Amino acid sequence: MEVQDLEKIVEGQSSTQRMERDLARSAAFPALMRKVYLWMTMALVITGLCAWGTATSPSMVQLVYGNRAAIWVLFIAELGLVFYTTARINRLSLTTATTLFILYSALNGVTLSSIFMVYAMTSIAKVFFITAGTFGVMALYGSVTKTDLSRFGNLFLMALFGLIIATLANLFIKSSGFDLILSYVGVVLFVGLTAWDSQQIKRALSMQAGMDESAQKVALLGALELYLDFINLFLYLLRIFGRSDN
């Protein structure tokens, strides 16, 4: 066999392999995107059920809010779960990572149960639908826009750190006016983050060669990011439009 013939065979095999990878990638992408939103929706449902269950259970209310240390334990546990899951996602199995995500969404529901004690149910429902509509529009925009939003990544990150620092400072200042300003800033920030994260998730999933465990863990992290965007957007909108239950 001549060298040229061998090169043609190798080239043909490489072309076939590339085609197979492209077909697998094109088939996997929509399935992975569905998983992102299914996992995110699952987490939101778990959070809502846990929040409602805690708020309507006198024993749970006493357990969570009867001791200030309990809130701090929950808060630290949530932070630990997020950092641990994102940092070690490559070493965790998909089952373990999914379990940690579910556990995090449940704990978050317990800590968010206070909204049912502060705000009227009509306000919570109204703001939830406002959040869902806003989130849906921005997620769609991030997925279809041709504008490269990656250049805003550092800006969003700095704004997020600034918002956290300002929020912590206001715990001591206790200014209602400043708190309202921070709420508007938070809404703008997480509206932008929703679009940015959606575009980054789309790009990350489009690079996956199939539906293997590694690709599904990328989708799981995407679901976690969008879940956090939704929850934060909801909370900031609730602080603006929510009405007291009293």
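Right above here is the structure, for reference.
Calculation notes
- Residues take numbers from 1 onward in each chain, read along the sequence in its written order.
- For a predicted model such as this one, the threshold for reporting local features is a pLDDT of at least 70, and the threshold for listing and counting side-chain atom pairs is 80 or more; totals across whole chains, interfaces and linings nevertheless cover every residue.
- Side-chain metrics in this entry use all non-hydrogen atoms of the structure; hydrogen atoms and water are not considered.
- Segments assigned H or I by DSSP are reported as helices when at least four residues long, segments assigned E as strands when at least two residues long, and all are numbered from the N terminus.
- Contacts between residues were defined by any pair of non-hydrogen atoms, one from each residue, lying within 4.5 Å.
- Residues form patches when they are more than 30% accessible in relative terms and have no salt bridge. Like charges link within 9 Å. Nonpolar side chains (Val, Leu, Ile, Met, Phe, Trp, Tyr) link within 5 Å.
- Accessible areas in this description were obtained via Shrake-Rupley with a 1.4 Å probe; residue shielding takes into account the shown protein chains only.
- We define a salt bridge as a side-chain nitrogen of Lys or Arg found within 4 Å of a carboxyl oxygen belonging to Asp or Glu.
- Three labels apply to residues, based on accessible area from a 1.4 Å probe with only protein chains included: buried if under 20% of the type maximum, exposed if over 50%, partly exposed otherwise in between.
- Axis definition: a line fitted to C-alpha atoms, limited for helices to the stretch in contact. Angles are taken between N-to-C directions and run from 0 to 180 degrees.
- Oblique is the label for every angle not falling under 35 degrees (roughly parallel), over 145 degrees (roughly antiparallel), or within 65 to 115 degrees (roughly perpendicular).
- Handedness of a crossing is defined here by the sense of rotation of the near helix relative to the far one, left-handed for an anticlockwise turn of less than a right angle and right-handed for a clockwise turn.
- As used here, the term nonpolar core means buried Ala, Val, Leu, Ile, Met, Phe, Trp, Tyr and Cys residues forming a set that is joined through side-chain atoms within 4.5 Å.
- Side-chain atoms alone can form a polar contact between residues adjacent in sequence; in general such a contact is a pair of N or O atoms within 3.5 Å, and within protein one must be able to donate a hydrogen while the other accepts it.
- Amino acids are sorted into nonpolar (Ala, Val, Leu, Ile, Met, Phe, Trp, Tyr, Cys and Pro), charged (Asp, Glu, Lys and Arg) and polar (every other residue, Gly among them).

### Description of the environment of threonine 98
Then comes step 1: By the element assignment, threonine 98 lies in helix H4 (residues 94–111).
Then comes step 2: Considering only alpha carbons, one finds threonine 98 and tryptophan 39, 59 residues apart in sequence, at a separation of 8.7 Å.
Then comes step 3: In this structure, threonine 98 is in contact with Trp39 and Leu220, ignoring residues within four places of it in sequence.

### A short note on a nonpolar patch on the surface
Then comes step 1: Where nonpolar side chains cluster on the molecular surface, the patch consists of Leu157, Phe161, Ile164, Leu168, Leu171 and Phe172 and spans about 670 Å² of accessible area.
Then comes step 2: Locating leucine 157 in the fold gives a position in helix H7 (residues 153–173).
Then comes step 3: Since its relative accessible area comes to 44%, leucine 157 is described here as partly exposed.

### A look at the packing of helix H6 (residues 121–144) against helix H9 (residues 213–241)
Then comes step 1: Following both chains from N to C, one finds H6 and H9 inclined at 130°, their axes separated by 9 Å at the closest point. Taken as axis vectors, H6 and H9 run oblique relative to one another. Considering the relative orientation of H6 and H9, their crossing is right-handed. Across from Ser123, Ile124, Lys126, Val127, Phe128, Ile130, Thr131, Ala132, Thr134 and Phe135 in H6, the residues of H9 making contact are Leu226, Asp229, Phe230, Leu233, Phe234, Leu237, Leu238 and Phe241.

### Here's the deal with the nonpolar core
Then comes step 1: Within the largest apolar cluster, 56 residues are counted, with the highest numbers of intra-cluster contacts made by Met40, Phe101 and Tyr227.
Then comes step 2: Taken together, the elements giving at least two residues each to this core come down to helix H1 (3–55), helix H3 (68–87), H4, helix H5 (115–118), H6, H7, helix H8 (176–206) and H9.
Then comes step 3: Sorting elements by how many residues they give to this core places H9 first, with 15 residues.
Then comes step 4: Every residue in contact with tyrosine 227, bar those within four places of it in the chain, is listed here: Met40, Ala43, Leu44, Thr47, Phe101, Tyr104, Ser105 and Asn108.

### A few points about the side chain of threonine 194
Then comes step 1: Relative to the assigned elements, threonine 194 resides in helix H8.
Then comes step 2: Among the polar contacts made by the side chain of threonine 194, one reaches the main-chain carbonyl oxygen of phenylalanine 190 at a distance of 2.7 Å.
Then comes step 3: With sequence-adjacent residues up to four places away left out, threonine 194 is seen in contact with Phe135, Met138, Ala139, Leu226 and Asp229.

### Concerning unusual backbone geometry
Then comes step 1: Despite not being glycine, lysine 174 shows a phi value in the positive range, around 60°.
Then comes step 2: Here lysine 174 is to be found in the loop between H7 and H8.

### Details of the pattern of salt bridges
Then comes step 1: Enumeration over the complete set of coordinates arrives at two salt bridges.
Then comes step 2: The salt bridge partner of aspartate 179 is arginine 239, with a shortest N-O separation of 2.2 Å. With aspartate 179 in helix H8 and arginine 239 in helix H9, this pair connects stretches of sequence that are 60 residues apart.

### Considerations on the packing of helix H2 (residues 58–65) against H3
Relative orientation and spacing of two packed helices are given, respectively, by the angle between their axes and the distance between those axes.
Then comes step 1: The N-to-C vectors of H2 and H3 enclose an angle of 85°; their axes lie 5 Å apart at closest approach. On the basis of their axis angle, the class for H2 and H3 is roughly perpendicular. Seen from H2, the contacting residues are Leu63, Val64 and Tyr65; seen from H3, they are Ala70, Ile71 and Leu74.
Then comes step 2: Across the contact of H2 with H3, the residue classes break down as six nonpolar, no polar and no charged.

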